[in-house]
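# Chains, contacts and geometry: an overview
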Amino acid sequence: KIKKMGCLSAKKEKFEDGKKPKSFDDVLEDIMDIKTVQIKGDMLFSETEGKPSDHYKFKNKMQADTLATIVRVINKFSGCVRSMKIIKKAFIDLQEDEKNFMKEIAILRTLDHMNILKIYEFYQDDKCFYLIMEFCSEGDLFDKIQKEAPFNEYTACHIIYQILSAVVYCHSSNIVHRDIKADCILIESTETITYNGQTFPLYYIRLSDFSSARSFNNKKKLTKKIGTSYFIAPEVLNRNYNEKCDVWSCGVLLFILLCGKPPFWGESDKEIIEKVKFGVPDWRKEEWEGVSPEGQEFVKLLLNVKPGNRPTASEALQNKWFKKYLYKHPVKIETSKDLYNNIVGFKTDPMMFFQQATLAYMVHHLLQKEDIINIRNFYTWIDNNGDGKMEYKEVCEGFKQFIDINEKEVTKIFKYIDQAHTGCIEYEEFIRACINKNKLLSTENLQKCFCLFIRSNSYESVTIDVDRFKSLLGLSSKFTDKQWISIIKSIDKNGDGQIEFDEFKDMMDLFLAKE
């Protein structure tokens, strides 16, 4: 059985100014290369004032160690279940570990991929940091491996494809994870599939724990020795590596998924590390008899000890093993029609910017997994290269597999949604276009959204003052004073300087009416 081992870390580093950072925004520019990683999740994620207990009901403890505790919590205003990561300041180095924690937040807030853990908000007080994250109800892959490995090739293929897709997305954003392991692969949900005469589970996963991640550029090698003994790449131990260290870790995971044991075994971290340095997996023929030649060949490719001969994550996703064993849900014509109709009904009126921002906020904070199953399956079906990003043409070609479309209209809408002008549509942007707006913007959901804005369940009596309204979703700087006067006047019908729920609802209903 696999044991949880410790983490290798380099010597503690300090901030150049030698001072403890005061807040998240104070240190953001110090710890991220913002020219490389564009910060685009500001309006969906924030550092929140107040106590977490004012906004969340604390339920059961899910995981705990000396540094952090993970607790299941329920948002008092939306009813959504979340995970709260609590880190005690007394047990961390307030220079290095606080920097790493802030860096994890800074990275996660920029990433939008269906297989990367979502974050929602962040608190801190004198004693602790609190990070509110997506709740994954079925634990982590480590526990699944302990109970169920080795896995059917269809199951293993589905898991590793999702992880590699997340890795490709990260690498394309110049982010290297550096500590991919079974413990940081969380399982959001499971379903059982019968296909080609076999019945097997499909696990829908999230890549988490970006505390060791950092931005990189292709011209400079990384040198910090960091990772976990079973999964660390040989070149990391030699302090001369690039992003392909993540591909090695995926290879280790796949080895374990298919044969039920790690490729490098030892009774201690030191013993395991020595075997990793040597780079020859413990490959026993009898343990691989039920695994296809394609699967065995793919594992060996990922675990090539020479990084130059190891595929990139993007190249790995195109391996022939996936063509044989990757299961994707077939898309129904009716589903593609519904999604297309929702897209062409999407309004690109610049005067609807606040409504669009509210829609984005609701997609991020309120939607449940059952609300987006059809969108997820369609997105996965048409994402041919698995990179988690969709070019306009890729979307159009995907729809054309099922129905006739107005390609010009679809491209126009996605260009509007693509505020960063990347030429690609990311996952939540795609959801915003495809979701049924009438269902999402129901009275019940608008009440929940308003309660999240006012931090109170009293949506009928509590209002939002104009200054607070302007700061919601980071919109203060989006408009001139003259534009704000016009916007507020159009929403604040009674002119009392307060936005009431009925006025908020009328604003969003107008958005639907225009749709």
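Below or above, wherever it landed, is the structure these notes cover. All residue numbers here refer to positions counted from 1 along the written sequence of the relevant chain. It should be noted that, the model being predicted, local features are given only for residues of pLDDT at least 70 and side-chain atom pairs only at 80 or more, the latter also being counted only at that level, while totals for whole chains, interfaces and linings use all residues. Side-chain numbers come from the whole structure's heavy atoms, not from hydrogens or water.

### Points about the side chain of Lys 181
A run of DSSP states H or I qualifies as a helix once it reaches four residues; a run of E qualifies as a strand once it reaches two. Both are numbered from the N-terminal end. Within the secondary structure layout, Lys 181 lies in the loop between β8 (175–176) and β9 (185–195). In protein, a polar contact means a hydrogen-donor-capable atom and an acceptor-capable atom, both N or O and within 3.5 Å, with residues adjacent in sequence counting only if both atoms are side-chain atoms; elsewhere, any N or O pair within 3.5 Å suffices. Here the side chain of Lys 181 touches Thr 228 through a polar contact of 3.3 Å, side chain to side chain. Apart from the residues within four sequence positions on either side, Lys 181 is in contact with Asp 209, Thr 228, Phe 231 and Leu 253. The contact definition used throughout considers only heavy atoms, calling two residues in contact when any of these lie within 4.5 Å.

### Some remarks on the pattern of salt bridges
By definition, a salt bridge exists where a carboxyl oxygen of Asp or Glu is found within 4 Å of a side-chain nitrogen of Lys or Arg. In total, this model carries 19 salt bridges according to the counting rule given. Two residues, Glu 104 and Lys 85, come together in a salt bridge whose shortest N-O distance is 3.3 Å. Note that Glu 104 is positioned in helix α3 (residues 96–108) and Lys 85 in strand β5 (residues 81–88), a separation of 19 residues in sequence. Working definition: with a 1.4 Å probe on protein chains only, accessible area under 20% of the residue-type maximum means buried, over 50% means exposed, and in between means partly exposed. A relative accessible area of 2% means that Glu 104 is categorised as buried. Residue Lys 85 is classed as buried on the basis of its relative accessible area, which comes to 13%. Measuring nitrogen to oxygen at the nearest pair gives 2.7 Å for the salt bridge that ties Asp 509 to Lys 505. Of this pair, Asp 509 and Lys 505 are both found in helix α22 (residues 501–514), 4 residues apart, which corresponds to roughly one turn of the helix. Among the charged side chains, a network of salt bridges with common partners joins Lys 261, Asp 282, Arg 284 and Glu 287.

### Some thoughts on the sheet that holds β5
When DSSP finds two or more bridges between two strands, those strands count as paired. Reading across the sheet, the 6 strands line up as β2-β6-β7-β5-β4-β3 and stay open at both edges, with mixed pairing between neighbours. Bordering the open sheet on either side are β2 (46–47) and β3 (56–64), each of which pairs with just one other strand. As paired elements, β5 and strand β7 (residues 128–134) share 7 bridges and run antiparallel to each other. Looking at β7, one finds that Lys 85 is bridged to Leu 131.

### Regarding helix α15 (residues 392–400)
Burial in α15 covers these residues: Tyr 392, Glu 394, Val 395, Cys 396, Gly 398 and Phe 399. Among the structural elements, α12 (333–344), α14 (373–382), β13 (390–391), α16 (407–417), β14 (424–425) and α17 (427–434) are those in contact with the buried residues of α15.

### Considerations on helix α19 (residues 443–454)
Under the convention used throughout, the expected extent of a helix is 1.5 Å for every residue step, that is, one less than its residue count. Over its 12 residues, α19 runs 16 Å from end to end, which matches the ideal 16 Å to within 8%, given 1.5 Å per residue. Every buried residue of α19 is listed here: Asn 445, Leu 446, Cys 449, Phe 450, Cys 451, Leu 452, Phe 453 and Ile 454. One or two steps after α19, the chain reaches Arg 455, where phi turns positive at roughly 55 degrees.

### Examining the packing of aromatic side chains
Paired rings are identified among Phe, Tyr and Trp, the last through its six-membered ring, by centres lying within 6.5 Å, and are further divided according to the angle between planes into stacked (under 30 degrees), edge-to-face (over 60) and tilted (the rest). Throughout the structure, instances matching the rule amount to 33 aromatic pairs. On the basis of an interplanar angle of 70 degrees and a centroid distance of 5.1 Å, the ring pair of Tyr 459 and Phe 501 is categorised as edge-to-face. Pair noted here: Tyr 459 is in the loop between α19 and β15 (464–465) and Phe 501 is in helix α22, with a separation of 42 residues, a long-range link. Members of the aromatic cluster, each reached through a chain of ring pairs, are Tyr 154, Tyr 161, Tyr 195, Phe 200, Phe 298, Trp 321, Phe 322, Tyr 325 and Tyr 327. In our convention, an over-ring charge means Lys NZ or Arg CZ found within 6 Å of a ring centre and within 35 degrees of that ring's normal. The residue whose ring lies beneath Lys 389 is Tyr 169, and the NZ or CZ to ring-centre distance is 5.3 Å.

### Describing the environment of Met 362
Examined against the element boundaries, Met 362 turns out to sit in helix α13 (residues 353–365). It is 8.5 Å that separates the C-alpha atoms of Met 362 and Leu 441, two residues lying 79 residues apart in sequence. Sequence-distant contacts of Met 362, defined by excluding residues within four places in its chain, comprise Leu 367, Leu 440, Leu 441, Asn 445, Leu 446 and Cys 449.

### So, the pairing of strand β10 (residues 198–207)
Looking along a regular strand, one sees side chains alternate from face to face of the sheet. Burial analysis of β10 places 7 of its 10 residues in the buried class, which makes it a mostly covered element. Pairing geometry for β9 and β10, over 10 bridges, is antiparallel. Across the sheet, Thr 190 pairs through a bridge with Tyr 203, a residue of β10. Joining the antiparallel neighbours β9 and β10 is a turn of 2 residues, in which Asn 196 adopts a positive phi near 50 degrees.

### A word on the environment of Asp 465
You can see Asp 465 is positioned in strand β15. Note: C-alpha distance between Asp 465 and Glu 500 (35 residues apart in sequence) is 8.9 Å. The contact partners of Asp 465, leaving out residues within four places of it in the chain, are Gly 497 and Gln 498. Side-chain polar atoms of Asp 465 contact the backbone nitrogen of Arg 468, separated by 2.7 Å.

### What to know about the pairing of strand β6 (residues 119–124)
A large share of β6 lies buried, amounting to 5 of its 6 residues. For β2 and β6, the ladder comprises 2 bridges, and the chain directions are parallel. Its bridge partner being in β6, Ser 46 is matched across the sheet by Glu 121. Bridge count between β6 and β7: 5 bridges; the pairing is antiparallel. The residue of β7 that forms the bridge with Ile 119 is Met 133. Remark: 3 residues form the turn of the hairpin made by β6 and β7, two consecutive strands paired antiparallel.

### Observations concerning empty space enclosed by the protein
The definitions used throughout rest on a 1 Å grid laid over the protein atoms alone, on which a cavity is an enclosed set of points accommodating a 1.4 Å probe that cannot get out and a pocket is an open set flanked by protein within 12 Å on both sides along at least five of seven lines; lining residues are those having an atom within 4 Å of a point. Grid points are joined across faces, edges and corners, and a volume is the space filled by probe spheres set on the points. Across all of its chains, the model carries 1 cavity of 30 Å³ or more by this definition. The computed volume of the largest cavity comes to approximately 30 Å³. For the lining of the largest cavity, the residue count by class is 6 nonpolar, 2 polar and 1 charged. Gly is put with the polar residues, along with every residue not named as nonpolar or charged; the nonpolar set is Ala, Val, Leu, Ile, Met, Phe, Trp, Tyr, Cys and Pro, and the charged set is Asp, Glu, Lys and Arg.

It is worth stressing that arrangement in space is one thing and function is another; only the former is reported here.
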